[in-house]
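# Geometric and topological summary
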Amino acid sequence: MPTTVKVAAGDATDFATPALVVNLFEGVTQPGGATGAVDRALDGAISSLIADGEIKGKLGELTLVHTLGRIPSARVIVAGLGKAGDFDTGSVRRVSGDVARFLRRKGVIEYATIAHGAGIGGLDTGASAQAIAEGTLLGLYKFDTYRSNGSRDAEGEAGNGIDAVTIVERDAVNIDALASGATIGTTLAESTMLARDLVNHPANVMTPTRMAETARQVAEAVGLDLDVMDSDRMAQHGMGAFLGVAQGSEEPPKLIVLTYRGDPDNPDNNLGLVGKGITFDTGGISLKPAANMEAMKGDMAGGASVIAAMRAIGTLKPKINVTGLIAATENMPGGRAQRPGDVVTAMNGKTIEVINTDAEGRLVLADAMCYARSLGITRMVDVATLTGAMVVTLGKACTGMMGNSSELAKQVSKAGDGSGERFWELPMLEDYRDLIRSDVADMKNSGGRQAGSITAAMLLREFAEDADWVHLDIAGTSTASSAKGHLVKGATGVPTRTLAQLAMNLANGG
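Residues numbered from 1 in each chain as written. Predicted model: local features only at pLDDT ≥ 70, side-chain atom pairs only at ≥ 80, totals over all residues. Heavy atoms only, no water.

## Describing the side chain of N321
Formally: A helix here means a DSSP run of H or I that spans at least four residues, while a strand means a run of E at least two residues long, and both kinds are numbered starting from the N terminus. A contact between two residues is defined here by any heavy atoms of the two lying within 4.5 Å.
Residue placement: N321 occurs in strand β10 (residues 321–331). With near-sequence residues (within four places) excluded, N321 lies in contact with Y260, R261, G262, D263, P264, N266, P267, N269, N270 and L271.

## Quick word on the environment of R461
Note the following rule: In this scheme, a residue with accessible area under 20% of its type's maximum is buried, one over 50% is exposed, and one in between is partly exposed, where area comes from a 1.4 Å probe on protein chains only.
Along the chain, the position of R461 falls in helix α13 (residues 452–464). The class of R461 is partly exposed, set by a relative accessible area of 22%. When the C-alpha atoms of R461 and I46 are compared, they prove to be 57 Å apart, with 415 residues separating the residues in sequence. Not counting chain neighbours up to four residues away, the residues in contact with R461 comprise M428, E430, R433 and W469.

## Quick word on the packing of aromatic side chains
In plain terms, the rule: Centres within 6.5 Å are what make two rings of Phe, Tyr or Trp a pair, Trp counting through its six-membered ring; a difference in plane orientation under 30 degrees is then read as stacked, over 60 as edge-to-face, and the rest as tilted. The rule for a charge over a ring is simple: NZ of Lys or CZ of Arg within 6 Å of the ring centre, and within 35 degrees of the ring normal.
One pass over the structure, following the stated rule, counts 2 aromatic pairs. For the pair F25 and F87, a centre-to-centre distance of 5.2 Å together with 85° between the ring planes defines the contact as edge-to-face. In this pair, F25 sits in the loop between β2 (20–24) and α1 (33–41) while F87 sits in the loop between β4 (75–80) and α3 (89–105), placing the two residues 62 residues apart along the sequence. Aromatic side chains F143 and Y146 sit 5.9 Å apart centroid to centroid with 50° between the ring planes, which places their arrangement in the tilted category. Against the face of Y141 rests R196, its NZ or CZ located 5.2 Å from the ring centre.

## Things to note about the packing of helix α10 (residues 361–374) against α13
Pairs of packed helices are described in terms of their axes, by the angle between the two and the distance that separates them. Put simply, the test is: The axes are straight lines fitted to the C-alpha atoms, using for helices just the contacting stretch, and the angles between their N-to-C directions are given from 0 to 180°. Roughly parallel refers to an angle under 35 degrees, roughly antiparallel to one over 145, roughly perpendicular to one between 65 and 115, and oblique to any angle outside these ranges. With the far helix as reference, a near helix turned anticlockwise by less than a right angle produces a left-handed crossing, and one turned clockwise produces a right-handed crossing. Residues are grouped as follows: nonpolar covers Ala, Val, Leu, Ile, Met, Phe, Trp, Tyr, Cys and Pro; charged covers Asp, Glu, Lys and Arg; every other residue, Gly included, is treated as polar.
It is at 8 Å that the axes of α10 and α13 come closest, and there the two elements cross at 25°. The angle between α10 and α13 places the two elements in the roughly parallel class. In the packing of α10 onto α13, the handedness of the crossing is right-handed. Along its contact with α10, which presents R362, L365, A366, M369, C370 and R373, the element α13 presents A456, L459, L460, F463 and A464. Classifying every residue of the contact of α10 with α13 by side-chain character gives 9 nonpolar, no polar and 2 charged.

What follows is the structure, given as structure tokens:
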């Protein structure tokens, strides 16, 4: 049963629950607000632990206090919020995810929490509730589809986890804002978990056809239009770059197009989201090493995040028209696979020499971006696990960002600030264009090791044409190696929440 996040009016000291979560900033010696009220009801137990040095308030610190019947809650968890000057919604997500897993390990199936930061922390009450919902639901995420009934996961946990979390608020004037924030947070978290599921499925299940079926389910659930283009239609549109990648696989490719019409009377008020959907990447003829190749089932994480973002957008209904395009295919070394040295022609007539068949993502994105332009898209963000070079450059701390529009890049960064997903812009200097010049075609698909992430983006720029365009390389951030806060080991769902937030921000003028 999925976890529900709800809001209730009441005094935290009088709320009956198996566990109550309060908080403390680092360096505070005498707790105030709801934490102070709980401390007084517990005869100063929290203050005593602070004085003894057991509770310091550092971010990530969790202290369990048994109430022994002094208040209706059986347990109190004091969650450290870190330094007040560093506190933001990211801190709330971190705390909420850590707390949820901590209590799940204790066997607690429901608990209550105060709204972290909504008082002296200075956060908007709705933003606090949204972050609590996101952090809790994403932090509890498990992918156990392929485990036998009753088997434990990699952390030794079994069972359904937390059934319900209640945000307890004493001031009735804040209830509506908290409830609205919790609803938005739940929508964004559930959509992100869809992206995680898509990435975590094995490639023998999550084929291009299965991605298209998932898109159909999303479209029906939230009222989107769906068009799924097969290889014959792609050929009619001249998508030679996309089809060149697909021709080595027995799995039929799909160009999936999801359309949300939030402002139908103003077609120029639009946003295009383009996702790389390579459901398994062997590298093609330029075969990858065998070690860790199983991770290449996740080479469709960009496409997964676009499907998931469209689900969130269709649910939240911002006043903007959004089109999601997912270029889904396998990259396999079959007998018909394209070869190094082949030349393919994209939909806009530009030719590309294939230097390395493992540089395939930019080829399928090129045609998807061309098609987006043919639909009248004037603002476009593409998302892809595009280059290993990005992992070397930025690791897993933030997503690489490049593009032709500083304004759109700023808007993506602003949306990322709200979602807690971080982006770092790399330069798109003309010097890098020389690295993808071809002797036989308009360009080549690989510039070699030098500035690999940037040269990949330089190729994509050729297909953005005059649209405002930003490229997000999520090769590092699409997965996490361990659990921390709202992240768990495996797929992250990045940047689903940022894409949805971008659409909402643009709908509201920025």
